Amino acid sequence: MTDNFIRKSFIYADSDSHFPIQNIPFGIFKSGDKRPSRACTIIGDKIIDLTVLESRGFFNDILSGNNVFKELTLNKFMSLGNNTVSQIRREIQKLFDESCNIIKDDDSLLNECLHHKSEIKMCLPVDIGNYTDFYSSKEHATNVGIMFRGKENALMPNWVHLPVAYHGRASSVIISGTDIIRPKGQTKNDDEQLPVFGPSKLLDFELETGFFISKGNNHGDPIPVNRASEHIFGMVLVNDWSARDIQKWEYVPLGPFLSKNFATSISPWIVTLDALEPFKAEKIKQDPEPLPYLRSVENHAYDILLEVKIRSEKMNEFQVISKSNFKYLYWDICQQLAHHTITGCNMQSGDLLASGTISGPDKSSFGSMLELTWRGQNPIKLTSGEERKFLQDGDEICMTGYCQGDGFKVGFGEVISKILPAKS
Ligand code: CA
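**Remarks on the overall build of the protein**
- For the protein, the count of helices and strands is twelve helices and 24 strands.
- Taken over C-alpha atoms, the radius of gyration comes to 22 Å for the protein, in line with the 22 Å a tight globule of 424 residues would show.
- The principal-axis extents of the C-alpha atoms in the protein amount to approximately 70 × 55 × 40 Å.
- Relative to its 424 residues, the protein shows a buried fraction of 56%.
- In the protein, 72% of the contacts between residues at least 6 apart in sequence involve partners at least 24 apart.

Structure representation (structure tokens):
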């Protein structure tokens, strides 16, 4: 691990870059020409085209001649399992280390495989078959519970015994940079007798992370909690867009449906658990102790600093409105995966499982407008002089996340989207 900390690449990455050689996340990009999208990684501001390295035979020993990076998504690569992914990542770190001359001294190869990030477009990295959203932050669940049911019944009795979740909609998971069209739907005010139809007035974000499945499990064979990390490829930032007024009217008794299915934004780079490994935080103490099938020996709490920023059409700069941390999650990713599959439910390579809104203990660390403004009671003051209870048309939301190392960061980049008016 020490070796990883002092490692430097011949490609420059400053101390604030989310993508030094210690990271090596995976993504899918499209260059300006007519070539199809393909796999890449990043160091500093430089996108590294993995198909070039693959076609030159650098991964032959690991992939045994299998071409995986020419695919339009990462699914085939992910399905090879975490041992293969780890070997590929280490090989890339070796090839781009400042002490390695193989690529550094080959101008034509460098020219072929490197692109500046401004010249390319990042694409949805995975063909997502299934998307599930958990509800694993105790602070968030408690805050929402207090608002909707009062302090006495804030947490439902099942919450501390199992990681609550709902099956979400995979087809509307979209990549950072894609605009969000304000959804329309049924809403009903408490003082009205009948519902009305129209654009949602209470549009919100939810600060989350998500993880992708590498190798799946067979139908009928649950993934044990202490083998779960072997099935997790890596993590992204997730913004689970939520229409609170639609949600409030529709969610009883089966949970969220249209209030969530119009869009879920993810960041383009998938950061592997290997890259996050040096940034473990203290494991949360769970009380009561979970049932045996949810007792994890491993620790998967990571110290990932998360931030939400807003920019209205009247603002030049983004304004930070929340600072949270992945380490606040009560149920960890392995418990989520073990619980999801305990019935024999089969996971497939490329399935996405999101954390649920990650709120911390302080008001400044709440992960949604619902909590930050306490249902609109305490509007957020913007630097433009405007106020926000919920999101308005033209607002942009940007989420970032990173782990702080000694003189470097391992980060996720950002997930950013703009709200467009509802369609007439
Ligand atoms: Ca959510």
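That was the structure; now back to the text.
**Examining a nonpolar patch on the surface**
- A contiguous nonpolar patch, built from F148, Y251 and V252 and spanning about 260 Å² of accessible area, is present on the exposed surface.
- On the secondary structure map, F148 appears in helix α8 (residues 138–149).

**Points about the packing of aromatic side chains**
- Counted according to the given criterion, the structure contains twelve aromatic pairs.
- Centre to centre, the rings of W159 and Y330 are 5.3 Å apart; their planes meet at 50°, and the pair counts as tilted. Of this pair, W159 sits in the loop between α8 and β7 (165–167) while Y330 sits in the loop between β19 (319–325) and α11 (333–341), and the two are 171 residues apart along the sequence. Accessibility assignment for this pair places W159 and Y330 in one class, buried.
- An aromatic cluster of at least three residues, connected via ring pairs, comprises F26, F59, F69, F77 and F233.
- A cation over a ring is seen here: R375 above F148, with NZ or CZ 4.6 Å from the ring centre.
- A cation over an aromatic ring shows up here: K409 above the ring of Y402, its NZ or CZ 4.4 Å from the ring centre.

**Quick notes on empty space enclosed by the protein**
- Counting across every chain of the model gives two cavities of 30 Å³ or more.
- Considered as a void within the structure, the largest cavity measures approximately 120 Å³ in volume.
- In terms of lining residues, the largest cavity is bounded by 13 residues, among which K283, I284, L329, Y330 and D332 are the most central.
- Across the lining of the largest cavity, the residue classes break down as five nonpolar, five polar and three charged.
- Taken as a whole, the second largest cavity spans an internal volume of roughly 40 Å³.
- Lining the second largest cavity are T209, G210, F211, M235, F326, L329, I333, Q336, L353, A354 and S355.
- Contributions of two or more residues to the lining of the second largest cavity are made by β13 (207–213), α11 and β20 (352–354).
- Sort the elements by how many residues they give to the lining of the second largest cavity and β13 lands first, with three residues.
- Residue composition of the lining of the second largest cavity, by class: seven nonpolar, four polar and no charged.

**Some details on the coordination of the calcium ion**
- Those protein atoms acting as donors to the calcium ion are D133 (OD), E206 (OE), E208 (OE) and D240 (OD), and they sit at 2.2 to 2.3 Å.
- Along the chain, the residues donating to the calcium ion fall in the pattern D-x72-E-x1-E-x31-D. Placement of D133 in strand β6 (residues 131–134) and of E206 in the loop between β12 (203–204) and β13 is noted, with a sequence separation of 73 residues between them. For the pair D133 and E206, one class covers both residues: buried.

**Describing the sheet that holds strand β9 (residues 180–181)**
- Taken together, five strands build an open sheet; the order of strands is β9-β24-β23-β18-β19 and the sheet is mixed. Lying at the two open borders of the sheet, with one neighbouring strand each, are β9 and β19.

**Quick notes on helix α5 (residues 82–95)**
- The first and last C-alpha atoms of α5 sit 20 Å apart over 14 residues, in line with the 20 Å expected at 1.5 Å per residue.
- In terms of burial, α5 is largely enclosed, as ten of its 14 residues are buried.
- Taken together, the buried positions of α5 are occupied by N82, T84, V85, S86, I88, R89, E91, I92, Q93 and L95.

**Quick notes on the pattern of salt bridges**
- Counted under the stated rule, the structure contains 22 salt bridges.
- The partner of R244 in a salt bridge is D204, with the nearest N and O atoms 2.8 Å apart. Taken as a pair, R244 in helix α9 (residues 244–250) and D204 in strand β12 lie far apart in primary sequence, 40 residues in all.

**Quick word on the pairing of strand β3 (residues 46–49)**
- Looking at chain direction, strand β2 (residues 38–43) and β3 are connected through four bridges and run antiparallel. For C40, the partnering residue across the bridge sits in β3 and is D49.

**A few points about the domain arrangement of the protein**
- You can read the domains of the protein as domain 1 (3–123) and domain 2 (131–420).
- Taken over C-alpha atoms, the centre of domain 1 sits 29 Å from the centre of domain 2.
- Taken together, the contact pairs 29 residues of domain 1 with 32 residues of domain 2.
- Buried surface at the junction of domain 1 and domain 2, both sides included, amounts to about 2400 Å², of which 64% is carbon and sulfur.
- Here domain 1 is connected to domain 2 by one salt bridge.
- A salt bridge links K409 to D16, with the shortest nitrogen-to-oxygen separation between them at 2.8 Å.

**Digging into the state of the cysteines**
- On inspection of all chains with the given rule, the structure shows zero disulfides.
- As a non-bridged cysteine, C113 has C40 as the owner of its nearest cysteine sulfur, 11 Å distant.
- No disulfide involves C345; its sulfur sits 17 Å from the nearest other cysteine sulfur, which is in C334.
- Owing to a relative accessible area of 26%, C345 belongs among the partly exposed residues under this scheme.

Conventions adopted
Residues numbered from 1 in each chain as written. Predicted model: local features only at pLDDT ≥ 70, side-chain atom pairs only at ≥ 80, totals over all residues. Heavy atoms only, no water. Helix = DSSP H or I, 4+ residues; strand = E, 2+ residues; numbered from the N terminus. Rg over C-alpha atoms; globule rule 2.2 N^0.38 Å. Buried < 20%, exposed > 50% of the residue type's maximum accessible area, 1.4 Å probe, protein only. Contact = heavy atoms within 4.5 Å. Patch = residues over 30% accessible without salt bridge, like charges linked within 9 Å, V, L, I, M, F, W, Y side chains within 5 Å. Areas by Shrake-Rupley, 256 points an atom, 1.4 Å probe, with all protein chains shown as cover. Salt bridge = Lys/Arg side-chain N within 4 Å of Asp/Glu carboxyl O. Phe/Tyr/Trp six-rings, centres within 6.5 Å; stacked < 30°, edge-to-face > 60°. Lys NZ or Arg CZ within 6 Å of the ring centre and 35° of its normal. 1 Å grid on protein atoms, 1.4 Å probe; cavity = no way out; pocket = protein on both sides within 12 Å on 5 of 7 lines; lining within 4 Å. Points joined across faces, edges and corners; volume = space filled by probe spheres on them. Nonpolar A, V, L, I, M, F, W, Y, C, P; charged D, E, K, R; others polar. Donors = N, O, S within 2.8 Å, 3.2 Å for Na, K, Ca; no water. Pairing = 2+ DSSP bridges. Expected span 1.5 Å × (residues − 1). Domains from an automatic or database assignment. Buried area = accessible area lost by both parts, 1.4 Å probe. Disulfide = S-S within 2.5 Å.

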